[in-house]
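Chains, contacts and geometry: an overview
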There are 4 protein chains.
Amino acid sequence: MCAIVGIYGNDNAARLASLALFSMQHRGQEATGISSSCNGKIYTKKDRGLVSEVFTDEALQYLKGNMAIGHNRYSTAGGDSILDAQPVFAKYKLGEISIVHNGNLINKQEVRQDLIDKGAIFQTGMDTENLIHLIAKNTKDRLRDRIKEALTKTIGAYCFIVQSRSKQFVIRDRYGIRPLSLGKIKSGGYIVASETCAFDLVDAEFVRDVEPGEMLIFSEDKEEPESIQLFESQYRPCAFEFVYFARPDSVIDGKNVYRTRENMGRALARNDEKSEINVDMVVPVPDSGVPAALGYAAQSGIPFEYGIIRNHYVGRTFIEPTQEMRNLKVRMKLSPMKSLIAGKSLLVIDDSVVRGTTSKRIVKMLKDAGAKEVHFRVASPEIKFPCYYGIDTPNKEELISNNMSVDEVCEYIQADSLKYLSIDDLTNAIGNDRNYALESFNGDYFVKE
Amino acid sequence: MCAIVGIYGNDNAARLASLALFSMQHRGQEATGISSSCNGKIYTKKDRGLVSEVFTDEALQYLKGNMAIGHNRYSTAGGDSILDAQPVFAKYKLGEISIVHNGNLINKQEVRQDLIDKGAIFQTGMDTENLIHLIAKNTKDRLRDRIKEALTKTIGAYCFIVQSRSKQFVIRDRYGIRPLSLGKIKSGGYIVASETCAFDLVDAEFVRDVEPGEMLIFSEDKEEPESIQLFESQYRPCAFEFVYFARPDSVIDGKNVYRTRENMGRALARNDEKSEINVDMVVPVPDSGVPAALGYAAQSGIPFEYGIIRNHYVGRTFIEPTQEMRNLKVRMKLSPMKSLIAGKSLLVIDDSVVRGTTSKRIVKMLKDAGAKEVHFRVASPEIKFPCYYGIDTPNKEELISNNMSVDEVCEYIQADSLKYLSIDDLTNAIGNDRNYALESFNGDYFVKE
Amino acid sequence: MCAIVGIYGNDNAARLASLALFSMQHRGQEATGISSSCNGKIYTKKDRGLVSEVFTDEALQYLKGNMAIGHNRYSTAGGDSILDAQPVFAKYKLGEISIVHNGNLINKQEVRQDLIDKGAIFQTGMDTENLIHLIAKNTKDRLRDRIKEALTKTIGAYCFIVQSRSKQFVIRDRYGIRPLSLGKIKSGGYIVASETCAFDLVDAEFVRDVEPGEMLIFSEDKEEPESIQLFESQYRPCAFEFVYFARPDSVIDGKNVYRTRENMGRALARNDEKSEINVDMVVPVPDSGVPAALGYAAQSGIPFEYGIIRNHYVGRTFIEPTQEMRNLKVRMKLSPMKSLIAGKSLLVIDDSVVRGTTSKRIVKMLKDAGAKEVHFRVASPEIKFPCYYGIDTPNKEELISNNMSVDEVCEYIQADSLKYLSIDDLTNAIGNDRNYALESFNGDYFVKE
Amino acid sequence: MCAIVGIYGNDNAARLASLALFSMQHRGQEATGISSSCNGKIYTKKDRGLVSEVFTDEALQYLKGNMAIGHNRYSTAGGDSILDAQPVFAKYKLGEISIVHNGNLINKQEVRQDLIDKGAIFQTGMDTENLIHLIAKNTKDRLRDRIKEALTKTIGAYCFIVQSRSKQFVIRDRYGIRPLSLGKIKSGGYIVASETCAFDLVDAEFVRDVEPGEMLIFSEDKEEPESIQLFESQYRPCAFEFVYFARPDSVIDGKNVYRTRENMGRALARNDEKSEINVDMVVPVPDSGVPAALGYAAQSGIPFEYGIIRNHYVGRTFIEPTQEMRNLKVRMKLSPMKSLIAGKSLLVIDDSVVRGTTSKRIVKMLKDAGAKEVHFRVASPEIKFPCYYGIDTPNKEELISNNMSVDEVCEYIQADSLKYLSIDDLTNAIGNDRNYALESFNGDYFVKE
């Protein structure tokens, strides 16, 4: 997950970067950071917390210059998250450099071990440090060539933005697994961002997606970004961005995310048409289940109702429930609309089921609130395999669909019926022009070189 | 606005009060507080901030005892908001007392001036201080009698909970303008709260609404609360709770708030049936416009679509936009779904229009995003009069419908058409069994004695 | 304890008040507050914390006006200290009023009970609230007359500054127990402060002490403060200010505090002249024992040495020592100079002994560090009685000299010898022109009406 | 500057390290950090702030294990100080490693450039990173050999503690410029710390100084630390530690720091004996000028008086003085004892004069307070050269004694006379058994290989 942004050629570069990161806060809330570049010096500010907390006016004034890169971090396993925040800054042979990264390197450990064997030190657990080392060890004269060669040793699903004293290099892996789009800012310059929803607040117009395997180079010399095709493209955009991760108003690979989710809901509805379930209303698990539920309702003609309310005031720290108050965590976030659902049969739609714990609690909550029946529909296929391409899924053992059949899951979560979207329906919903990355569903780990 | 809660007869009183306040955070985010009572001593903790920030485990451990009252504060005009947070604690002749209050006293200034003339001092601007003074000045032997007489001098829309060392007194004004409900907690004791949505997290069952003009007394002597009818009831529940203020999953006066909002949307749709507008989709202004939009869509058959996304990460402090970035405030909270609405005719539904500024910005935002037409529908009548009964409306001069006709407002906000809900449709939508408080719409300021 | 300040007639009133409070931080570190007055409105800012933390530039900009009063609070027994911070603000019949107070009212409970019986409410535990009530209940037309009559009912050791919309009233009790001085600010206007050390940072010149029983009135009408003698003076300045509480560079009642402490040390030395103790050096317990130790050394000819170092980095919260690390609290603050004292006989001077616990730990620490002998000298008489006039002493039972003879205390603290200053020597050291308040030493509780 | 500590073989290792760092807070207040080692994993916690703020109980519980190293940081020029806090952690070929460092590497830039040329990256500005790189690049099998070879390339004044998963390596440079002492902890294990004042709170007994050029190795295999002489010793302890930097109760190279400062004062007095100045009292600039002033007073027979009071409540942020309130910064920290010094001739003693600005302000402050004459004495020689061995002195141009003669400085600071300690008197005062590092005074930059 995570979000990255690059702004080039605008006097308010850091401010625009902070607005773009703010728009992409859903991709990471743990830490955030920006590096700007001005007169041959790179300025960095990064810290734990939300974009609106870290980037005070004072911080933005420190971040001088007309180019900036930024990052939102999703989560860190380790202890001291500041050290694992991005951008990562370093001095190396050609000067100062700062890098942001979204994705996951498959051969990270091998590359790291190889570098360590040759005497490198690693101060963080971040993939980004790998790339800096590979760039620094390279002997080419031009940064672009060093990046190019560094990437030949780097296998994975990644988007990088590398900022030097006066240039920015934007790279998307050959598979284009993680999204990355280019926009033109009305007040001047360019933006590159993980999602197009970042373009609105900075008043930018969508130009095009960065191509799989492409490197864009922004420099003072050229008005337009230079484009170099580093690798032959084998386009495999990540289906999970459409299922859950992207903001519904973003456009990825030309597809409106919201519409694709509606389509997923429609497919679920079509699949239920022949069945004999008889429900009173379609109820989404908010917020992410809403578009699919709207699609299901539109397709089936069954009324759509907000049977579950989401509380947006859940802070980062709150009282730990006592023993007697178990199951409180889900209920603090989601509240059933009792008088709406009491005595009714519900068709509940969530975007995905990972461990099954939350689904189980939702079903119980709805039944406690008086629901007569709860038919659970999942707007994605069964997740049977962990994702190594940048989506934060748990170990294989913890994935409920790795351990149980659909029927078993249905019994576990105590639903009256349970259906998933088929893989075909999923790809149809997004658009059948692409060979999507579906490794979480079918175990096809195609990233190999 | 504001929210109040009382918990009586449960060993986790303060903890349950904090959960109830958390569920009613939408009624006030500026400050929060709880007073508990234990062994003849009252403990109070109040501070600026959200419930989840103020009530740490440490704070809850300090709040000992099996009874507690709590409050969420909406906003303060003045400087040092801590002093204006509730509960208000005082020592007086009969011992220690703590009070929370939701509503507004009409004759506050007169009572205050009279008390001041007789030598009283006021340390805050809160109505609550009035009541404590009236109770303290009274010469009756029993607190219940003092409260009763104090309230004969108090005109307004109010709910009070008064906590002494061992009892709680719950009072709702004769008009029942502000809501107040009684529940039974499964783990023991009772809860009284502004909204029934507070009952879920504390595992309480709705018993009944507190009656207009009723005083409930909780004491150790009796297992059930004692009920005294203080005043003859003239029930006038506030229509605005249904329009905007209450959480959709609450039940007020037996009506599910969500359903009443759906009804308002349906009425808007029926009103449009004969007209010739031709729109592609119904789009709510999230989150409060959603139920009415669902109702409109269901009634009219026009598809409901999430054409506007709401960003829930807007913190309390963030960078002030520069001159060039005006109108950013609305756009940081609301984002148009460009690819959904471009080239389309929209029927946009918001819950109410107060000053008109936000509506104007929303219309502009949608048109900038490519909407062909924007037909604006308001799920409440024109607000022509300020509310003095506890809803935070601006001065008469600032209310756009006080100054402009519907056509003029339509032109001001640059919509292609504009319609409000009629007052009759509003009351029909809520249920025609009541004589609702409608002063914001018709200027009927009925609270007089 | 506590410190108060009033600034009148200076455009930087709040800023100067904050500097004065900063200079008097030693009189109270728990909370601080300032009220300014501007165009008929009183502005207040108060909070927990040090002056340098609470009074940011933003806070000082809020505190508009050319008059201000301020307060540093020493400590609160209760829970929510913000509510017990000063100034105390109130609206009453003649308008707005704000009060700061240093001292202790003897008949506080009686007055409070009487007010409560008549229907008053008390929202805090502060004496200041008493005075506001008495002023508010009074029926005179002018505030000065109300204050005058209110004070006839008020027995105690006090200094008050009362600020209205346009005036300041400064009152010192008839005994002049707590110090209060008047200064003229070079940049315009006047300052009244608990200690003259507050005059330096605001560039004020000492004019004179406020007289016992005097009321000073600052108003726009008169260039100089008006003086009214409210009560017949019975001057009894507090000896403890000289012993311990005042900053050494302050001048109280015409006496330099530092010099009086030196005199106390000299008296201790004279008293030892005939004895046969043979010590290598005079060692103060820093910081408060230093002047007396210098006096002792000068008188006796025995070298003065800094045998104990004080660590000024002790914050308000730090790790609680584990079981094995007892006695750590004193040792984190005070460190013995091992190589200086090892094998040596020390004459250690502290300003006073209250419970004896700290003295015992100091003796142990010095012996552990190798001191051959530790002769303990106390630059004040035995504290046998609690102080009710504003110094924070514990209950009678906890005062070691209430329970033990000098010999017993000596054995308890494990010193090789122990001597106190006699009461006569104490008053001689300060200056024999006054009838000092000595109640902690001789139990003469003279404040009676 | 800065302070380092290592604890080995004690179950409370991190807790003891925090207490030691607390005792050495005077050597650095900007940031602090600790790395512990437990079961093959290194845990690190570092942050801005004081030791008492950063090391909460929670932080100490995270720092598991029976060995720990820690650091206090003096100041950073750059922006984001967290990244420049120590310890510095890294993974390298032999596993995990964490390092703390006190001092300055002379050939830092050359080594860094050389490493960079070979492909290394540097993420911070810290010397410590150099050493990690040199260790990582080395090809020896044992860490001790890698450290040894790394140090052959490292020229400077340094103390390092390197912690691996199970061992600690302590190194002091061949000149022994920065102090480092070994102690035995009563509750088990060893401590190594920059100053012996750290031994008291952890209940450790001084064993001996770490020798110049020595490496101590702590491991589980051996009960006592192993000692390896890495380099031939050329002992040149830093004179400035005695002049200003060390805490007075520390013992460096067998000399009690406080006593050496007294000796410096005595030497100043002897030098004045023949002169005709006639002063009333010796006044130290607190706190660092006190011991020399005591020595001067004892030698000359002139009374020692605390003519200047130091305010210890100066926080890190406080109101910026307005234009009219210039010179406030010194006066907020230091207050003249007016009634003591008015009309008197003072001999003022400070430990050193760097830029001259503070001295000038002190003289002005004393004269404004009424001092008749101010004779300034400096308990160290003229500082004519910047220190490159770890003391934070400004550029040569900013050193007043680089630009002015003694007479000129005297006129600049407006003193009535000015004398410095001679270099001979300085070394005599410390003890004539050593060839001290005096580069700030005589420009002898002896560290060359």
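Residues numbered from 1 in each chain as written. Chains lettered and ligands numbered in written order. Predicted model: local features only at pLDDT ≥ 70, side-chain atom pairs only at ≥ 80, totals over all residues.

Let's shift gears to the domain arrangement of chain A. Residues and elements named next belong to chain A. Its domain assignment divides chain A into domain 1 (3-235) and domain 2 (256-433). Averaged C-alpha coordinates put domain 1 and domain 2 at centres separated by 35 Å. Across the boundary between the two partners, domain 1 contributes nine residues, which contact four residues of domain 2. The element best represented in the side of domain 1 that touches domain 2 is strand 6 (residues 95-105), accounting for three residues. Per-class residue counts for the side of domain 1 that touches domain 2 are four nonpolar, four polar and one charged. (Domains from an automatic or database assignment. Contact = placed C-beta atoms within 7 Å. Helix = DSSP H or I, 4+ residues; strand = E, 2+ residues; numbered from the N terminus. Nonpolar A, V, L, I, M, F, W, Y, C, P; charged D, E, K, R; others polar.)

What follows concerns the relation of the copies chain C and chain D. Of the two same-sequence chains, chain C is brought onto chain D (RMSD 0.0 Å, axial shift 0.0 Å) by a rotation of 180 degrees. Both copies of the chain, as the preceding transformation shows, are related through a two-fold rotation axis. Within chain C, the C-alpha atom positioned nearest to the axis of rotation is that of histidine 312 of chain C, 3.5 Å from it. (Least-squares fit on C-alpha atoms with pLDDT ≥ 70 in both.)

Residue and element names in this part refer to chain A. In this numbering, the UniProt entry assigns the feature "active site" (unreviewed entry) to Cys2. Inspection of the secondary structure puts cysteine 2 in the segment before strand 1 (3-8). The class of cysteine 2 is buried, set by 24 C-beta atoms lying within 10 Å. The residues contacting cysteine 2, other than those within four sequence positions of it, are Arg27, Gly28, His71, Asn72, Arg73, Tyr74 and Asn102. (UniProt positions renumbered as here; feature names shortened; annotations may be inferred. Buried ≥ 20, exposed ≤ 12 C-beta atoms within 10 Å, placed from the backbone.)

Mapping chain D onto chain A calls for a screw motion: a turn of 180 degrees about the axis and a shift of 0.0 Å along it, with 0.0 Å RMSD after fitting. In this assembly the copies share their binding face: 100% of the residues contributing to the interface of chain D also contribute to that of chain A.

Residue and element names in this part refer to chain D. Of all the residues in helix 15 (residues 423-430), the buried ones are Asp425, Leu426, Thr427, Ala429 and Ile430. Looking at the packing, one finds that the buried side of helix 15 touches helix 7 (239-245), strand 15 (255-256) and helix 8 (257-272). Positive backbone phi, approximately 135 degrees, marks glycine 431, located one or two places after helix 15.

Contact with chain C, which involves 47 residues of that partner, is made by 47 residues of chain D. Going through the elements one at a time, helix 1 (13-23), helix 2 (51-54), helix 3 (57-62), helix 8 (257-272), helix 9 (290-300), helix 10 (328-333) and helix 11 (338-341) of chain C are the ones with two or more residues in the side of chain C that touches chain D. Sort the elements by how many residues they give to the side of chain C that touches chain D and helix 9 of chain C lands first, with four residues. When grouped by side-chain class, the residues that make up the side of chain C that touches chain D number 25 nonpolar, eleven polar and eleven charged.

Further remarks concern helix 9 (residues 290-300) of chain A. Residues and elements named next belong to chain A. Burial analysis of helix 9 places nine of its eleven residues in the buried class, which makes it a mostly covered element. Every buried residue belonging to helix 9 is among Val290, Pro291, Ala292, Ala293, Leu294, Gly295, Tyr296, Ala297 and Gln299, and all of these are buried. Against the buried residues of helix 9 lie helix 8 (257-273), strand 16 (281-284), strand 19 (345-350) and strand 20 (373-378). Two residues or fewer past helix 9, glycine 301 is found with a positive phi of approximately 80 degrees.

Now for the sheet that holds strand 19 (residues 345-350) of chain D. Residues and elements named next belong to chain D. Spatially, the four strands line up as an open sheet ordered 16-19-20-21, and their pairing is parallel. With partners counted over all chains shown, the strands left at the sheet margins are strand 16 (281-284) and strand 21 (417-420), one partner each. Across the sheet, the mean angle separating the axes of adjacent strands is 25 degrees when strand polarity is ignored. As defined by bridge partners, strand 19 adjoins strand 20 (residues 373-378) across six bridges and the pair is classed as parallel. Bridging across to strand 20, valine 348 finds its partner in phenylalanine 376. Helix 12 (residues 357-368) rests against strand 19 and strand 20 of the sheet, and its axis sits at about 150 degrees to strand 20. (Pairing = 2+ DSSP bridges. Axes fitted to C-alpha atoms, helices over the stretch in contact; angles between N-to-C directions.)

Now for the interface of chain D and chain A. Contacts between the two partners involve 23 residues from chain D, matched on the other side by 23 residues from chain A. At the level of elements, strand 3 (41-48), strand 5 (88-92), helix 4 (108-117) and helix 5 (127-137) of chain D are the ones that each hand at least two residues to the side of chain D that touches chain A.

In this section: the arrangement of the chains. There is no contact between chain A and chain C; across them, the least C-alpha separation is 15 Å. The two units chain B and chain D remain apart, with a minimum C-alpha distance of 15 Å.

Residues and elements named next belong to chain A. Taken together, six strands build an open sheet; the order of strands is 5-6-7-8-12-13 and the sheet is antiparallel. Edge strands, defined here as strands with exactly one partner in the open sheet, are strand 5 (88-92) and strand 13 (226-229). Going from strand to strand, the sheet's axes swing by 20 degrees on average, the running direction of each strand aside. One ladder, built from four bridges, connects strand 8 (residues 168-172) with strand 12 (residues 214-218); its direction is antiparallel. Within strand 12, the position partnered with glutamine 168 by the bridge is phenylalanine 218.

A word on unusual backbone geometry. Note that the residue after proline 286 of chain A, namely aspartate 287 of chain A, is joined by a cis bond; omega there is -10 degrees. Residue position: aspartate 287 of chain A is located in the loop between strand 16 and helix 9. The phi dihedral of aspartate 203 of chain C falls on the positive side, at around 55 degrees, and the residue is not glycine. With respect to the secondary-structure elements, aspartate 203 of chain C resides in the loop between strand 10 (190-193) and strand 11 (204-209). In this model, aspartate 253 of chain C sits at a positive phi of 55 degrees, which is unusual for a non-glycine residue.

Residues and elements named next belong to chain B. As for its placement among the helices and strands, isoleucine 349 is situated in strand 19 (residues 345-350). Taking the C-alpha atoms as reference points, isoleucine 349 and valine 378, separated by 29 residues in sequence, lie 5.7 Å from one another. In contact with isoleucine 349, not counting residues within four places along its chain, are Gly265, Val282, Pro284, Val285, Gly289, Ala292, Ala293, Tyr296, Arg377 and Ala379.

What follows covers the nonpolar core. Ranked by size, the top nonpolar core spans 289 residues in total, and within it Val5 and Ala20 of chain C together with Val5, Ala20 and Ile191 of chain D carry the most contacts. In this structure, isoleucine 191 of chain D is in contact with Val5, Gly6, Ile7, Leu16, Ala20, Gly183, Ile185, Phe199, Val202 and Ala204 of chain D, ignoring residues within four places of it in sequence. Residues Leu347, Ile413 and Tyr420 of chain A together with Met337 of chain B belong to the second largest nonpolar core, which totals 287 residues. (Core = buried A, V, L, I, M, F, W, Y, C linked by C-beta atoms within 7 Å.)

It is worth spelling out the pairing of strand 21 (residues 417-420) of chain A at this point. All names here are of chain A. Residues of strand 21 alternate between two faces, with Leu418 and Tyr420 buried on one and Ser417 and Lys419 left unburied on the opposite face. Two elements, strand 20 and strand 21, share four bridges in a ladder whose sense is parallel. Bridge pairing links phenylalanine 376 to leucine 418 in strand 21.

Moving on to the packing of helix 4 (residues 108-117) of chain A against helix 5 (residues 127-137) of chain A. Two quantities define a packed helix pair, namely the angle between the axes and the distance from one axis to the other. Residues and elements named next belong to chain A. The interhelical angle for the contact between helix 4 and helix 5, taken along N-to-C directions, is 45 degrees, at an axis separation of 10 Å. In terms of orientation, helix 4 lies oblique with respect to helix 5. Crossing of helix 4 over helix 5 shows left-handed handedness. In this structure, helix 4 uses Lys108, Val111, Arg112 and Leu115 to contact helix 5, whose residues at the interface are Asp127, Asn130 and His133. When grouped by side-chain class, the residues that make up the contact of helix 4 with helix 5 number two nonpolar, two polar and three charged. (Parallel < 35°, antiparallel > 145°, perpendicular 65-115°, else oblique. Left-handed = near helix turned anticlockwise from the far one by under 90°.)

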